[in-house]
Amino acid sequence: MNSQRSAPIGRPRGFDADEALDKAMRVFWQNGYEGASLPDLTEAMGISRTSMYAAFGNKEELFRKALARYADGPASYGAEAVAEPTAREVATIFLHGAVRSATLPGYPTGCLSLRASLIGGEDGQVIRQLLTDWRNETSAMLQKRFQRAVDEDDLPAGTDPATLTRYVMTIGNGIAVQAAGGAPRDELQLIADAVLRSWPPVLGQS
């Protein structure tokens, strides 16, 4: 009788969960949530459907894990930005990060969140809400940081942190949309730099 323990059924030798999750993230990034089929995902991940379910759960659970990986990786510039000492540096790190993330070599262009939001069926409602909540968390984080900048006189008195947050987020989203449409990094960087040259913008001031 063979005493060696066999590998789990459906799970190939050398299975790397981190690498497989990264590949799943790229599929969702490229195709959106509903556009990413299970065959697309398992083929890219190099595992069977059985292995995918065993390691990551169903498609929705896999997407949640892929989004978390995206947030901690390509989209980590949001959390990095709010740690900067001035509002201008916050905006600089955020917008430069948006350009870099949307044009990463070897990855789909644009933003995973925006691409995955392009879903219309009822099955996608949970994912749409998940992405809305994720973007709202980023907005709340920026708004809190800009409020602190107002309180510390780093931004002009009368600046509305909520409006300033929407402004920065809109520019960042626009950069992602332009990147998805084929705009090169250097052109997008020019846009970000133009915004920063006029910092702080005159928004919501009395």
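Please read all numbers here as calculations on a predicted model, not as lab measurements.

1. Points about the overall build of the chain
Phase 1: What the chain contains, in helices and strands, is 10 helices and zero strands.
Phase 2: Buried positions account for 41% of the 206 residues belonging to the chain.
Phase 3: Residue pairs at least 24 apart in sequence account for 69% of intrachain contacts in the chain once pairs closer than 6 positions are excluded.
Phase 4: Per element, the accessible surface of the chain, about 11,000 Å² overall, is 50% carbon and sulfur.

2. With respect to unusual backbone geometry
Phase 1: In this structure, the amide linkage connecting tryptophan 199 to the following residue, proline 200, adopts the cis form with an omega of -5°.
Phase 2: Summarising the element assignment, proline 200 is placed in the segment after α10 (185–197).
Phase 3: A positive phi angle, near 65°, is found at aspartate 153, a position not held by glycine.
Phase 4: Within the fold, aspartate 153 resides in the loop between α8 (125–151) and α9 (161–180).

3. Focus: the pattern of salt bridges
Phase 1: Counting across every chain of the model gives five salt bridges.
Phase 2: When the shortest N-O distance is used, the salt bridge between arginine 26 and aspartate 22 registers 2.9 Å. Of this pair, arginine 26 and aspartate 22 both sit in helix α1 (residues 17–31), four residues apart, roughly one helical turn.
Phase 3: On the accessibility criterion, arginine 26 (29% relative accessible area) is partly exposed.

4. Side note on α10
Phase 1: End to end, α10 covers 18 Å across 13 residues, agreeing with the expected 18 Å (1.5 Å per residue, within 8%).
Phase 2: For α10, the set of buried residues is Leu188, Ala192, Val195 and Leu196. The arc that holds every buried residue of α10, seen down its axis, measures 100°, which confines them to one face. Every exposed residue of α10 that faces more than 90 degrees away from the buried side is listed here: Asp186, Leu190 and Arg197.
Phase 3: The inward-facing, buried residues of α10 contact α6 (87–102) and α9.

5. Observations concerning the side chain of serine 101
Phase 1: Structurally, serine 101 is set in helix α6.
Phase 2: Once residues lying within four places of it in the same chain are set aside, the contact partners of serine 101 are Trp29, Tyr70, Pro74, Ala75, Tyr77 and Gly110.

6. Some remarks on the nonpolar core
Phase 1: The biggest cluster of nonpolar side chains holds 58 residues, and the ones touching the most others in it are Leu41, Met45, Leu62, Phe63, Tyr70 and Phe146.
Phase 2: Beyond its immediate chain neighbours, meaning those up to four positions away, phenylalanine 146 contacts Ala87, Val90, Leu155, Pro161, Leu164, Thr165, Val168 and Trp199.

7. Considering the packing of aromatic side chains
Phase 1: Considering all chains together, one arrives at eight aromatic pairs under this definition.
Phase 2: Judged by centre distance (6.0 Å) and plane angle (15°), the ring pair of phenylalanine 28 and tyrosine 33 falls under stacked.
Phase 3: Residue classification places phenylalanine 28 among the buried positions, given a relative accessible area of 0%.
Phase 4: The interplanar angle of 45° and the centroid separation of 5.9 Å between the aromatic rings of phenylalanine 146 and tryptophan 199 together place this pair among those described as tilted.

About the criteria used
- Residue numbers run consecutively from 1 along every chain, following the written order of its sequence.
- Only residues with pLDDT of at least 70 are given local features in this predicted model, and only at 80 or more are side-chain atom pairs given and counted; all residues enter the totals for whole chains, interfaces and linings.
- Hydrogens are left out, water is left out, and the side-chain values use all remaining heavy atoms of the structure.
- Helix and strand definitions here come from DSSP, where helices need a minimum of 4 consecutive H or I residues and strands a minimum of 2 consecutive E residues; each element is numbered from the N-terminal end.
- The buried label goes to any residue with under 20% of its type's maximum accessible area, the exposed label to any with over 50%, and the partly exposed label to all in between, with areas taken from a 1.4 Å probe on protein chains only.
- A contact between two residues is defined here by any heavy atoms of the two lying within 4.5 Å.
- Method for areas: the Shrake-Rupley scheme with a 1.4 Å probe, in which residue coverage is limited to the protein chains shown.
- For this analysis, a salt bridge means a side-chain nitrogen from Lys or Arg found within 4 Å of a carboxyl oxygen belonging to Asp or Glu.
- Expected helix span is computed as 1.5 Å times (number of residues minus one).
- Each C-beta atom gives one direction from the helix axis, and the arc is the one those directions make.
- Only buried residues count toward a nonpolar core, which is a set of Ala, Val, Leu, Ile, Met, Phe, Trp, Tyr and Cys residues joined through side-chain atoms within 4.5 Å.
- Stacked, tilted and edge-to-face are the three classes assigned to paired rings of Phe, Tyr and Trp, where Trp is represented by its six-membered ring and a pair needs centres within 6.5 Å; plane angles under 30 degrees give stacked, over 60 edge-to-face, the rest tilted.

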